[in-house]
Amino acid sequence: MHRTRHARLIGFLFLAPALLFVVVFTLIPLLLMIWISFHNWSLIQPPKFVGPANFFRAFNDDQFWVSLLFSLKYTLFITPILMAGGYLLALLTSANSPLRRTTRTMIFIPVVIGLGASSLLWYWLFSPQHGFVNAILLDLGLISEPVLWLGVDADRSMWAIIGSVTWKVIGFGMILFIGAIHAIPREVDEASMVDGATAWQRLTRITLPLTMKTILLVTLISVIGSLLAFDQFYIMTAGQPQNLTATSVFYVYLNSFPYLKLGYGAALSLVLALLVLAITVGQVVLTRRSAA
């Protein structure tokens, strides 16, 4: 009995730093945000209790729903690109030859770059006057004059940002997919080859089913990250034109800080968090049923 209690105490002491981190940086800020959401607080004047008024206002805020729909649109477009691209790169570079290992490294390097730094880099690359993208397209004769990639047309801006984000994060999914492919027992693949299975049959009937859990994980990570996109839009378009490229998180930021409506911004954050949670739970349920 004494040893059991001693072991539990040691286990709790090892766990205590992580619990303290969660409490200080997650639980307390969450409770504080809930408290703020029921107040009208401009950061200049003392907070004033307004009850659920901020939440009623959020549900009647057309711009919030426009920004949320844009976030969903962005997520629906970029997620299949990251999934299919990452899996294709994994298939092409999964072999352990020196050339393919070097290729994997080059593709993965942008992942370690901060999203803010990569967004600023692509903001310069898409510059209409001195950008590398327009220079290449002009030299190839694909365009006759520089294109305004960012801040003028909402769809063009979104696709430009999708290109920059794909360059930055596609290596993350690739590495996870390579790990899943390497985890497939070699005997299974060899047996299928002995039975005369083609490369396509091995891919669709062996590789894809046996890596389905990793596919679902990467999909979940991609969806959550895309729904909560902020840095790239803040740096590259600042929501322009006319807030048509403002994501839901960007709209929360606008209300919380530039507009000095911290209580309303907190209410928007809670609504957004619940919506993302509902989408995530729905995705997990659907993917489990399809995998069953």
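Residues numbered from 1 in each chain as written. Predicted model: local features only at pLDDT ≥ 70, side-chain atom pairs only at ≥ 80, totals over all residues. Heavy atoms only, no water.

Engineer: Can you lay out the packing of aromatic side chains for me, pointing to particular residues and giving the numbers?
Structural biologist: In total, this model carries 19 aromatic pairs according to the counting rule given. Both rings, one in Trp122 and one in Phe126, keep their centres 5.5 Å apart while their planes meet at 35°; by these two values the pair is tilted. For Phe126, a relative accessible area of 8% translates into the label buried. On the basis of an interplanar angle of 35° and a centroid distance of 6.0 Å, the ring pair of Phe230 and Phe250 is categorised as tilted. In this pair, Phe230 is assigned in the loop between helix 10 (212-227) and helix 11 (231-236) and Phe250 in helix 12 (residues 248-256), connecting sequence segments 20 residues apart. Each member of the pair, Phe230 as well as Phe250, is classed as buried. The ring centre of Tyr264 lies 4.1 Å from the NZ or CZ of Arg57, which sits over that ring. (Phe/Tyr/Trp six-rings, centres within 6.5 Å; stacked < 30°, edge-to-face > 60°. Buried < 20%, exposed > 50% of the residue type's maximum accessible area, 1.4 Å probe, protein only. Helix = DSSP H or I, 4+ residues; strand = E, 2+ residues; numbered from the N terminus. Lys NZ or Arg CZ within 6 Å of the ring centre and 35° of its normal.)

Engineer: Give me the lowdown on the pattern of salt bridges, citing residues and values where you can.
Structural biologist: Counted under the stated rule, the structure contains two salt bridges. Lys73 is the partner of Asp155 in a salt bridge, and the nearest nitrogen-oxygen pair spans 2.8 Å. Remark: Lys73 occurs in helix 3 (residues 62-93) and Asp155 occurs in helix 7 (residues 154-182); sequence separation between them is 82 residues. The exposure class of Lys73 is partly exposed, given its relative accessible area of 31%. (Salt bridge = Lys/Arg side-chain N within 4 Å of Asp/Glu carboxyl O.)

Engineer: An account of the packing of helix 3 against helix 4 (residues 98-108) is needed here, citing residue identities and associated values.
Structural biologist: Running from N to C, helix 3 and helix 4 cross one another at 155°; their axes reach a closest spacing of 9 Å. By the angle between their directions, the pair helix 3 and helix 4 is classed as roughly antiparallel. Together, Leu89, Leu92 and Thr93 of helix 3 and Arg100, Thr103, Arg104 and Ile107 of helix 4 make up the contact between the two elements. Considered class by class, the residues forming the contact of helix 3 with helix 4 number three nonpolar, two polar and two charged. (Axes fitted to C-alpha atoms, helices over the stretch in contact; angles between N-to-C directions. Parallel < 35°, antiparallel > 145°, perpendicular 65-115°, else oblique. Contact = heavy atoms within 4.5 Å. Nonpolar A, V, L, I, M, F, W, Y, C, P; charged D, E, K, R; others polar.)

Engineer: Tell me about the nonpolar core, residues and numbers included.
Structural biologist: Within the largest apolar cluster, 32 residues are counted, with the highest numbers of intra-cluster contacts made by Tyr74, Phe126, Trp149, Leu150, Ile161 and Phe177. When contributions to this core are tallied by element, the ones reaching two or more residues are helix 3, helix 6 (132-139), helix 7, helix 10 and helix 11. Looking at this core element by element, the count peaks at ten residues for helix 7. With residues near it in sequence (within four places) discarded, Phe177 still touches Met83, Gly86, Tyr87, Ala90, Thr214, Ile215 and Val218. (Core = buried A, V, L, I, M, F, W, Y, C linked by side-chain atoms within 4.5 Å.)

Engineer: An account of unusual backbone geometry is requested, with residue identities and associated values reported.
Structural biologist: Of the consecutive residues Gln240 and Pro241, the connecting peptide bond is found in the cis state with omega at 5°. Relative to the elements of secondary structure, Pro241 occurs in the loop between helix 11 and helix 12. Although it is not a glycine, Gln242 sits at a positive phi angle of roughly 55°. Tracing the sequence through the fold places Gln242 in the loop between helix 11 and helix 12. Residue classification places Gln242 among the exposed residues on the basis of a relative accessible area of 68%. Here Leu260, not a glycine, exhibits a phi torsion of approximately 55°, which is positive.

Engineer: Can you lay out the environment of Leu203 for me, pointing to particular residues and giving the numbers?
Structural biologist: Assignment of secondary structure puts Leu203 in helix 9 (residues 199-210). In sequence terms Leu203 and Arg186 are 17 residues apart; their C-alpha atoms lie 14 Å from each other. When near neighbours in sequence (up to four residues on either side) are disregarded, Leu203 contacts Tyr87, Leu91, Leu208 and Pro209.

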